[in-house]
Amino acid sequence: MRWLKGLLLAIILLLVLLLGILFAVNNQEALPLNLIWLELPPASLSLWLLVTLAIGVLLGMLAMSGVYLRLRALLTRAQRHNQQQRKELDRLRIQEFKESP
């Protein structure tokens, strides 16, 4: 089952890569990018889209890092509390065995 999942993922990645290559080949026209206050040099449309995708991914990761760190801290705190509860339960079980005749 695991190999089937890996094979399916490899096929999907190969198709996405093929579509990306076809997109890049079919969009070779150089376009300047005007950002109102800044005019960037002409480059292919596929390059501009890849750059904006990369910037968007990085900004998304940066925006989600606060949420990730907060959840990671909550998980660590919960695991520590769970460990303390287990120690308390073990102590109470041992105490119960000592008290029984």
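Since this is a predicted model, take the numbers as computed values, not measurements. (Residues numbered from 1 in each chain as written. Predicted model: local features only at pLDDT ≥ 70, side-chain atom pairs only at ≥ 80, totals over all residues. Heavy atoms only, no water.)

Draft legend 1. Structural context of the pairing of strand S2 (residues 39–44). In terms of strand pairing, strand S1 (residues 30–34) meets S2 through 4 bridges, oriented antiparallel. Residue pairing in the sheet places Asn34 in a bridge with Glu39 of S2. The hairpin formed by S1 and S2 contains 4 residues between the paired strands, and Ile36 there has a positive phi angle of roughly 70°. (Pairing = 2+ DSSP bridges. Helix = DSSP H or I, 4+ residues; strand = E, 2+ residues; numbered from the N terminus.)

Draft legend 2. Representation of the pattern of salt bridges in the model. One pass over the structure, following the stated rule, counts 2 salt bridges. For Arg91, the salt bridge is made with Glu88, and the minimal N-O distance between the two is 2.4 Å. Of the two residues, Arg91 and Glu88 are both situated in helix H2 (residues 45–99); the distance of 3 residues between them amounts to about one turn of the helix. Here Arg91 falls in the partly exposed class, since its relative accessible area comes to 44%. The exposure class assigned to Glu88 is partly exposed, which follows from its relative accessible area of 33%. One salt bridge connects Arg93 with Asp90, and the closest N-O pair in it is separated by 4.0 Å. Residue Arg93 and its partner Asp90 are both found in helix H2; the two are separated by 3 residues, about one turn of the helix. Take Arg93: its relative accessible area is 48%, and that puts it in the partly exposed class. Here Asp90 falls in the partly exposed class, since its relative accessible area comes to 41%. (Salt bridge = Lys/Arg side-chain N within 4 Å of Asp/Glu carboxyl O. Buried < 20%, exposed > 50% of the residue type's maximum accessible area, 1.4 Å probe, protein only.)

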